[in-house]
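Given next are the chains, with one letter for each unit.
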Amino acid sequence: MATGYILNRGALALGIHCKGVCRNISLTQIRGKKRWMKAYTFLMAKKLKLEGPPPPKPRSQQPNWDYHAEVQAFSSRLHENFSLELLKTAFVNPCYLQAEQERRQGLGLDSETTALVLKDNIQLSKKGLGFTQSFLTDWCRASFPTLPNEGMASIVGHLMSVAVIVYVARNLGIEDLTMSAEFPVPDEVLHSTFMAVIGALQESSGAERSGFFLRDFLVTQLIGKDLFDIWMVVNPMGLLVEELTQRNVPLPEPRLIRSAGASTVLPLYFVGLYSDKKLLAQGPGETLVAAEEEAARVALRKLYGFAENHRPFDFSPQQEHQQRLIQSISSSN
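Residues numbered from 1 in each chain as written. Predicted model: local features only at pLDDT ≥ 70, side-chain atom pairs only at ≥ 80, totals over all residues. Heavy atoms only, no water.

Participant: Describe the packing of helix 7 (residues 122-143) against helix 8 (residues 149-159), with residues and values.
Facilitator: The geometry of helix 7 relative to helix 8 is characterised by a closest axis approach of 10 Å and an angle of 135° between their N-to-C directions. One finds that helix 7 runs oblique with respect to helix 8. Seen along the crossing, helix 7 lies across helix 8 with a hand that is right-handed. Across the interface between the two elements, Gln 133, Leu 136, Thr 137, Cys 140 and Arg 141 from helix 7 touch Met 152, Ile 155, Val 156 and Leu 159 from helix 8. (Axes fitted to C-alpha atoms, helices over the stretch in contact; angles between N-to-C directions. Helix = DSSP H or I, 4+ residues; strand = E, 2+ residues; numbered from the N terminus. Parallel < 35°, antiparallel > 145°, perpendicular 65-115°, else oblique. Left-handed = near helix turned anticlockwise from the far one by under 90°. Contact = heavy atoms within 4.5 Å.)

This is the structure in structure tokens:
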């Protein structure tokens, strides 16, 4: 009897303890993946393989887009004082106006209702193109006074090429603001839009600010470029002879300086060009002809001020450059 009483009291105490513990613990069933996830993922992968990736959507067709605020932010981000009306006009391409007109006419609207108030950027693009070409030519003539006209034209053509302009325009965010009939925006349309932005900046802030804009964003694309990657010279030795003749310098004499592995599959020759017993330049090559041409290119780079170790271009504003110079002088004293 006593034993049964003790067992009953023990079981009751254990039940009360377990009940108190279970009140503080919430038991929930958690699975790593849902049952439908595998089938859904397989179906989406199969659909992507059959239909392909979805077509890209322009930023204007995505949520949280305010065109007026984006145009203002573009002007502020570049620290330029654009006229907002001119800047908005610079982003409107003729292909967009034509496509929008056809779309509205397809909806059955009359001509008065479908008329667009927008103006295209043809005039701004022409103005920006002319100013860009003039500025880049003057900059090349001032930076490389000894460079021939063919070399200047090659540098200007490289900086104004579609590939360079499109690269700069996309990194500045112009593609998102461009009104075009197609998306992604074609390179030719983006090129004309960038030139229209230059034209809008020239009319808004003047030629000086437009020149600084081109210097900061376009001329800097020359950094790390080799002259003869831009300007294709077929006969560098003949060009070097012409340059030295115009400067009344004795003609260059190629001489083999050193070589290695001449009897192997990969020979190496170093040819030096001497003029009046002075070493003008030296260059390597797998053959004597290739080494001579490379030495001629090195000599031309030195003559034109486009050598590999030339002084970096100064892209800082003139006032800031003078202030830095004054600060460096005062700190040294």
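Participant: Can you break down the nonpolar core residue by residue, with the values?
Facilitator: Residues Phe 74, Ile 155, Ile 174 and Phe 194 are the most contacted members of the largest nonpolar core, which totals 64 residues. Per element, the largest residue contribution to this core is nine residues, and it comes from helix 11 (residues 187-205). Every residue in contact with Phe 74, bar those within four places of it in the chain, is listed here: Phe 82, Leu 87, Phe 91, Leu 172, Ile 174, Leu 177 and Val 197. (Core = buried A, V, L, I, M, F, W, Y, C linked by side-chain atoms within 4.5 Å. Buried < 20%, exposed > 50% of the residue type's maximum accessible area, 1.4 Å probe, protein only.)

Participant: Describe the sheet that holds strand 2 (residues 268-275), naming the residues involved and giving the relevant values.
Facilitator: Reading across the sheet, the three strands line up as 1-2-3 and stay open at both edges, with antiparallel pairing between neighbours. Each of the sheet's edge strands pairs with one partner strand only, and the pair in question is strand 1 (253-260) and strand 3 (278-285). In this sheet, adjacent strand axes meet at a mean angle of 25° when their direction is disregarded. Where strand 1 and strand 2 come together, seven bridges link them in antiparallel fashion. (Pairing = 2+ DSSP bridges.)

Participant: Any details on helix 8? Residues and values, ideally.
Facilitator: The α-helix advances 3.6 residues per turn, and as a result positions three or four apart in sequence lie on the same side. Listed in full, the buried residues belonging to helix 8 are Gly 151, Met 152, Ile 155, Val 156 and Leu 159. Along the long axis of helix 8, the arc covered by the buried residues comes to 135°, so they all point the same way. Set apart from the buried face of helix 8 by more than 90 degrees, the exposed residues are Asn 149, Glu 150 and Ala 153. If you follow the buried residues of helix 8, they end up packed against helix 7, helix 9 (162-171) and helix 13 (227-230). (Arc of directions from axis to C-beta.)

Participant: Outline the pattern of salt bridges, listing residues and values.
Facilitator: Per the counting criterion, the structure on display carries 12 salt bridges. Across the salt bridge formed by Arg 103 and Glu 100, the nearest N and O atoms sit 2.6 Å from each other. One end of the pair, Arg 103, and the other, Glu 100, are both in helix 5 (residues 94-106), three residues apart, so they sit about a helical turn from each other. On the accessibility criterion, Arg 103 (47% relative accessible area) is partly exposed. Taking the relative accessible area as the measure of exposure, Glu 100 reaches 12% and is therefore buried. Across the pair Glu 294 and Arg 297 runs a salt bridge whose closest N-O atoms are separated by 3.9 Å. Within this pair, Glu 294 and its partner Arg 297 are both found in helix 15 (residues 288-304), separated by three residues, close to a single helical turn. Exposure remark for Glu 294: the relative accessible area of 24% places this residue in the partly exposed category. The network of salt bridges with common partners includes Asp 226, Glu 294, Arg 297 and Arg 301. (Salt bridge = Lys/Arg side-chain N within 4 Å of Asp/Glu carboxyl O.)

Participant: Got a sec to walk through a nonpolar patch on the surface? Specific residues and values, please.
Facilitator: Where nonpolar side chains cluster on the molecular surface, the patch consists of Trp 36, Met 37, Tyr 40, Leu 43 and Met 44 and spans about 510 Å² of accessible area. Relative to the helices and strands, Leu 43 is located in helix 2 (residues 37-51). (Patch = residues over 30% accessible without salt bridge, like charges linked within 9 Å, V, L, I, M, F, W, Y side chains within 5 Å. Areas by Shrake-Rupley, 256 points an atom, 1.4 Å probe, with all protein chains shown as cover.)

Participant: Report on helix 15, specifying residues and quantitative values.
Facilitator: Compared with an ideal rise of 1.5 Å per residue, which puts 17 residues at 24 Å, helix 15 spans 24 Å between its outermost C-alpha atoms and is within 8% of the ideal. Every buried residue of helix 15 is listed here: Ala 291, Ala 295, Ala 296, Arg 297, Val 298, Ala 299, Leu 300, Arg 301 and Tyr 304. Structurally, helix 15 contributes buried residues whose contacts are with helix 13, helix 14 (236-246), strand 2 and strand 3. Immediately beyond the C-terminal end of helix 15, within one or two residues, lies Gly 305, with a positive phi of roughly 75°. (Expected span 1.5 Å × (residues − 1).)

Participant: Pulling in residues and values, what's your account of the packing of helix 11 against helix 12 (residues 207-217)?
Facilitator: When two helices pack together, their arrangement is given by the angle between the helix axes and the distance between those axes. Running from N to C, helix 11 and helix 12 point in directions that differ by 145°, and their axes come no closer than 7 Å. Contacts between helix 11 and helix 12 involve Phe 194, Ile 198, Leu 201, Gln 202 and Ser 205 on the former and, on the latter, Ala 207, Arg 209, Ser 210, Phe 213 and Leu 214. Residue composition of the contact of helix 11 with helix 12, by class: six nonpolar, three polar and one charged. (Nonpolar A, V, L, I, M, F, W, Y, C, P; charged D, E, K, R; others polar.)

Participant: Explain the environment of Val 241 to me, using residue names and the numbers behind them.
Facilitator: Topologically, Val 241 is positioned in helix 14. For the pair formed by Val 241 and Ala 296, sequence separation is 55 residues and the distance between their alpha carbons is 9.3 Å. Beyond its immediate chain neighbours, meaning those up to four positions away, Val 241 contacts Leu 251 and Pro 252.

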